[in-house]
Amino acid sequence: MIGGIVMILVALWIYQAAMKAKVSNVMMWVAMGAIVFFAVQLGFININLYILESIRSSEGGSDYERSLVSIGDRKNEGGFQGFGGILLSLYLELMPLIVGFLAVALIRIKFITKETLSFGHLFGDLKEMFQSIKQSFKASAEK
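Read on for an overview of the structure. (Residues numbered from 1 in each chain as written. Predicted model: local features only at pLDDT ≥ 70, side-chain atom pairs only at ≥ 80, totals over all residues. Heavy atoms only, no water.)

### Quick word on the environment of Ala31
Part 1: With respect to the secondary-structure elements, Ala31 resides in helix α2 (residues 26-60).
Part 2: The exposure class of Ala31 is partly exposed, given its relative accessible area of 37%.
Part 3: Between the alpha carbons of Ala31 and Tyr15 there is a distance of 9.4 Å; along the sequence they are 16 residues apart. (Helix = DSSP H or I, 4+ residues; strand = E, 2+ residues; numbered from the N terminus. Buried < 20%, exposed > 50% of the residue type's maximum accessible area, 1.4 Å probe, protein only.)

Rendered as C-alpha cells:
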C-alpha cells in the first residue's frame, strides 16, 4: 500500500519534471517512470523474500519445512526479536521503495531534465511537487 502511494507521487514528480523540461511524449515518460518503479520494487521484493527465506530456513531445522499434505504453518518463530528484528523488518519494508525511487530519479535526471548527476538535482523539484499538491487542496477547499 505504501508502494502504491509512493508510485503515485513518483508519477506526479515525473509529470511535473517533464512539463517543466518541455519534453515530447510527457505521458510516455510518466508511464515509463511508473513501470520502472514497479519493476524495481518487485525485483527487490523478490530478493528480500529470498534473503528472508534463507535466514529462516537456516534457523528452523525440521520444524520449518513441512510436508505438502500437512495442515498448519511452518515454524516461523525465533531469531527476529529485538533490535535486529526491527532493523531487518525496516530494511525489508523500505528498501524496495527507496531503490525504486532512486531508479526513477536517475531516469528523470538523465533522460528528462538532462542535468548533471548531483544530490541536489537528483531530488530536485520534490519540494515544488508537494507545494503544488498543497495548493490543489487549498483551491478545492475554497470552492
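### A look at the packing of helix α1 (residues 2-21) against helix α3 (residues 82-112)
Part 1: At their nearest, the axes of α1 and α3 sit 11 Å apart, and the two run at 10° to each other. One finds that α1 runs roughly parallel with respect to α3. In this structure, α1 contributes Ile2, Gly3, Val10, Trp13, Ile14, Ala17, Ala18 and Ala21 to the contact, and α3 contributes Glu93, Leu97, Phe101, Val104, Ala105, Arg108 and Ile112.
Part 2: When its residues are assigned to classes, the contact of α1 with α3 shows twelve nonpolar, one polar and two charged. (Axes fitted to C-alpha atoms, helices over the stretch in contact; angles between N-to-C directions. Parallel < 35°, antiparallel > 145°, perpendicular 65-115°, else oblique. Contact = heavy atoms within 4.5 Å. Nonpolar A, V, L, I, M, F, W, Y, C, P; charged D, E, K, R; others polar.)

### Re the packing of aromatic side chains
Part 1: Using the criterion set out here, one finds four aromatic pairs in the structure.
Part 2: Between Trp29 and Phe111, the ring centres sit 6.3 Å apart and the planes meet at 20°, which makes this aromatic pair stacked. Here Trp29, found in helix α2, pairs with Phe111, found in helix α3; they are 82 residues apart in sequence, far enough to count as distant.
Part 3: Ring geometry for Phe119 against Phe123: centres 5.0 Å apart, planes inclined by 70°, an arrangement best described as edge-to-face.
Part 4: Assessed through its relative accessible area of 66%, Phe119 is described here as exposed.
Part 5: We classify Phe123 as partly exposed; its relative accessible area is 25%.
Part 6: Here the aromatic cluster, defined as three or more aromatic residues joined through ring pairs, consists of Trp13, Phe101, Phe119 and Phe123. (Phe/Tyr/Trp six-rings, centres within 6.5 Å; stacked < 30°, edge-to-face > 60°.)

### A look at the pattern of salt bridges
Part 1: Here the structure, examined in full by the defined rule, presents two salt bridges.
Part 2: Across the pair Lys20 and Asp125 runs a salt bridge whose closest N-O atoms are separated by 3.2 Å. Linking Lys20 in helix α1 with Asp125 in the loop between α4 (119-122) and α5 (126-142), this pair joins segments that are 105 residues apart in sequence.
Part 3: Where Asp125 meets Arg108, a salt bridge forms, and the shortest distance between an N and an O atom there is 3.0 Å. (Salt bridge = Lys/Arg side-chain N within 4 Å of Asp/Glu carboxyl O.)

### Quick look at the nonpolar core
Part 1: Within the largest apolar cluster, 20 residues are counted, with the highest numbers of intra-cluster contacts made by Ile14 and Ile112.
Part 2: Every element with two or more residues in this core is listed here: α1, α2, α3 and α5.
Part 3: What Ile112 contacts, discounting residues up to four positions off in sequence, is Ile14, Ala17, Ala18, Ala21, Val23, Trp29 and Ile107. (Core = buried A, V, L, I, M, F, W, Y, C linked by side-chain atoms within 4.5 Å.)

### So, the side chain of Gln41
Part 1: With respect to the element layout, Gln41 can be found in helix α2.
Part 2: Gln41 gets classed as buried once you look at its relative accessible area, which sits at 13%.
Part 3: Contacts of Gln41, omitting those with residues within four sequence positions, involve Gly3, Pro96 and Leu97.

### Section: unusual backbone geometry
Part 1: Positive phi, close to 55°, is recorded for Lys22, a residue that is not glycine.
Part 2: Phi at Asn25 takes a positive value of approximately 60°, unusual for a residue other than glycine.

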